[in-house]
Amino acid sequence: ISVTDGLNISVNAGTAYNGRNTWIQLSGAGKLDSEVDDDLGILNLFGGFSMTYVTDRLQTKIDLPVVYGRYRWQEMMGGAAPLTASVLCISPKADVKYDLSGRLSVSASASLNRNPVDRKRIYSGAVVKDFMEAMEGYPEISKDRSFDSNIQVTYRNPEKSFFVNGSASFSGYGDAFL
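Residues numbered from 1 in each chain as written. Predicted model: local features only at pLDDT ≥ 70, side-chain atom pairs only at ≥ 80, totals over all residues. Heavy atoms only, no water.

## Description of the overall build of the chain
- Counting secondary structure elements, the chain contains zero helices and eleven strands.
- Burial statistics for the chain: of 178 residues in total, 22% are counted as buried.
- Of all intrachain contacts in the chain linking residues separated by at least 6 positions in sequence, the fraction that spans at least 24 positions is 56%.
- Carbon and sulfur atoms form 57% of the exposed surface of the chain, whose accessible area is close to 11700 Å². (Helix = DSSP H or I, 4+ residues; strand = E, 2+ residues; numbered from the N terminus. Buried < 20%, exposed > 50% of the residue type's maximum accessible area, 1.4 Å probe, protein only. Contact = heavy atoms within 4.5 Å. Areas by Shrake-Rupley, 256 points an atom, 1.4 Å probe, with all protein chains shown as cover.)

## Re the pattern of salt bridges
- Within the structure shown, the criterion is met by two salt bridges.
- The partner of K61 in a salt bridge is D63, and the shortest N-O contact between them spans 3.9 Å.
- Relative accessible area serves as the criterion here: at 35%, K61 is assigned to the partly exposed category.
- Between R103 and E159 there is a salt bridge, with its nearest N and O atoms 2.8 Å apart. Taken together, the residues R103 in the loop between strand 6 (93-99) and strand 7 (104-114) and E159 in the loop between strand 10 (142-157) and strand 11 (162-177) connect sequence positions 56 residues apart. (Salt bridge = Lys/Arg side-chain N within 4 Å of Asp/Glu carboxyl O.)

## A word on the nonpolar core
- Judged by nonpolar contacts, L40, I42, V67, Y71, W73, V87 and C89 together constitute the single largest core of seven residues.
- For this core, the secondary structure elements donating two or more residues are strand 3 (34-54), strand 4 (58-75) and strand 5 (83-90).
- Per element, the largest residue contribution to this core is three residues, and it comes from strand 4. (Core = buried A, V, L, I, M, F, W, Y, C linked by side-chain atoms within 4.5 Å.)

## Describing the pairing of strand 6
- With seven bridges joining them, strand 6 and strand 7 adopt antiparallel strand pairing. In the sheet register, D95 faces strand 7, and the bridge partner there is S109.
- Taken together, strand 6 and the strand that follows it, strand 7, pair antiparallel across an intervening segment of four residues. (Pairing = 2+ DSSP bridges.)

## Description of the side chain of D99
- As for its placement among the helices and strands, D99 is situated in strand 6.
- No salt bridge is formed by the buried D99; its nearest oppositely charged neighbour, K97, is found at 4.4 Å.
- The residues touching D99, leaving out its near neighbours within four places in the chain, are D56, R57, L104 and S105. (Lys, Arg positive; Asp, Glu negative; His and termini not counted.)

## Examining the packing of aromatic side chains
- The final tally for this structure, using the stated rule, is two aromatic pairs.
- Ring plane angle 50 degrees and centroid distance 6.1 Å describe the contact between F147 and F170, whose orientation is recorded as tilted. In this pair, F147 sits in strand 10 while F170 sits in strand 11, placing the two residues 23 residues apart along the sequence. (Phe/Tyr/Trp six-rings, centres within 6.5 Å; stacked < 30°, edge-to-face > 60°.)

## Considering a nonpolar patch on the surface
- A contiguous nonpolar surface patch, about 830 Å² in accessible area, is contributed by V11, Y17, L43, L45, F49, L64, Y68, L88 and I90.
- With three residues, the top contributor of residues to the nonpolar patch is strand 3.
- Mapped onto the secondary structure, I90 falls in strand 5. (Patch = residues over 30% accessible without salt bridge, like charges linked within 9 Å, V, L, I, M, F, W, Y side chains within 5 Å.)

Structure representation (structure tokens):
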């Protein structure tokens, strides 16, 4: 939606469901011999807001995606109670670029990412990587998080074939376990 000259706003929304039933029987692997029967259901509701503002010298963009996930995992053979969780992931991002002159510009960006649970991580049996290596999966509902920021200064003089860029970045990563 174009609100005014240079200002645009957009909104989106949707839903997705992913269900999986896994039955695996592993034998001849020593301690990893197992039989797994599990059921996983993931319901995601997602939406987002985006705003862009552009003038002759300034370009800005703000994104605010939101994902709500409802997870249910149950090991069918053990009779254990199902593992359930609700996860809200908000991942704001902002970008700004300002032209100080026709040749010199400064830009900056920052984002905080909280990604929904990776469904491949939710599994309780043996995971065979190749014919010599296997590991045991863990039925943990976790989500990744990260922070990224960047600032950049750019000078361009095409007539003299002279270009200079300078930038600094910071990133941080981690897991947020429930």
